[in-house]
Amino acid sequence: MFATGRLLSIVLATRLAPAFMLGCNIVGCTLGMLFMLALSHSKAVLVLGTCIIGLFMSSVFPTTLSLTEEYIKVTRKQYLFTGKSFLDFY
């Protein structure tokens, strides 16, 4: 679902604002988690909830970069990716 979400986010990014997409991602992940918490006794719900969260989480990082570029002039993106990769260790 992660790859499918990335593919869908490319199409949606041409039509929607980054802030709106990020809000939809947060709401979708929250709904997927609440769905799994409410019906935690079923394995099918666990699989479906994980797919929902993966679908919405897939475009969070690219959308955050697009949103950052709206507010900050980003001239060298490699530093942004290096900083992100460095912080992944923690």
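Residues numbered from 1 in each chain as written. Predicted model: local features only at pLDDT ≥ 70, side-chain atom pairs only at ≥ 80, totals over all residues. Heavy atoms only, no water.

A look at a nonpolar patch on the surface
Here's step 1: There is a patch of nonpolar side chains on the surface, built from V27, L31, M33, L34 and L37 and spanning about 500 Å² of accessible area.
Here's step 2: If you trace the backbone, V27 turns up in helix α2 (residues 18-38).
Here's step 3: A relative accessible area of 48% means that V27 is categorised as partly exposed. (Patch = residues over 30% accessible without salt bridge, like charges linked within 9 Å, V, L, I, M, F, W, Y side chains within 5 Å. Areas by Shrake-Rupley, 256 points an atom, 1.4 Å probe, with all protein chains shown as cover. Salt bridge = Lys/Arg side-chain N within 4 Å of Asp/Glu carboxyl O. Helix = DSSP H or I, 4+ residues; strand = E, 2+ residues; numbered from the N terminus. Buried < 20%, exposed > 50% of the residue type's maximum accessible area, 1.4 Å probe, protein only.)

Some words on the side chain of T63
Here's step 1: Checked against the element boundaries, T63 lands in helix α4 (residues 60-71).
Here's step 2: Beyond its immediate stretch of four places on either side in the chain, T63 contacts P18, M21, L22 and N25. (Contact = heavy atoms within 4.5 Å.)

Details of the UniProt feature "transmembrane region" (unreviewed entry) in the protein
Here's step 1: UniProt feature "transmembrane region" (unreviewed entry): in the numbering of this structure it lies at residues 12-38 and 44-67.
Here's step 2: Taken as a whole, residues 12-38 contains 85% helix and 0% strand, while its terminal C-alpha atoms sit 30 Å from one another.
Here's step 3: Between the C-alpha atoms that bound residues 44-67 there is a distance of 35 Å. The span itself is 92% helix and 0% strand. (UniProt positions renumbered as here; feature names shortened; annotations may be inferred.)

Re the layout of surface pockets
Here's step 1: Approximately 170 Å³ is the volume attributed to the largest pocket.
Here's step 2: As for the largest pocket, its lining consists of G5, L8, S9, L12, L16, M21, C24, N25, L55, F56 and S59.
Here's step 3: Put simply, the parts of the chain that give the lining of the largest pocket at least two residues each are α1 (2-13), α2 and α3 (43-57).
Here's step 4: Of the residues forming the lining of the largest pocket, the biggest block, four residues, is contributed by α1.
Here's step 5: Among the residues forming the lining of the largest pocket, the class breakdown is seven nonpolar, four polar and no charged. (1 Å grid on protein atoms, 1.4 Å probe; cavity = no way out; pocket = protein on both sides within 12 Å on 5 of 7 lines; lining within 4 Å. Points joined across faces, edges and corners; volume = space filled by probe spheres on them. Nonpolar A, V, L, I, M, F, W, Y, C, P; charged D, E, K, R; others polar.)

Let's talk about the packing of α1 against α3
Here's step 1: Two elements in contact, α1 and α3, have axes whose closest approach is 7 Å; the angle formed by their N-to-C orientations is 40 degrees. Between α1 and α3 lies a crossing of right-handed hand. Contact with α1, carried on its side by F2, T4, G5 and L8, involves G54, L55 and M57 of α3 and no other residues of that element. (Axes fitted to C-alpha atoms, helices over the stretch in contact; angles between N-to-C directions. Left-handed = near helix turned anticlockwise from the far one by under 90°.)

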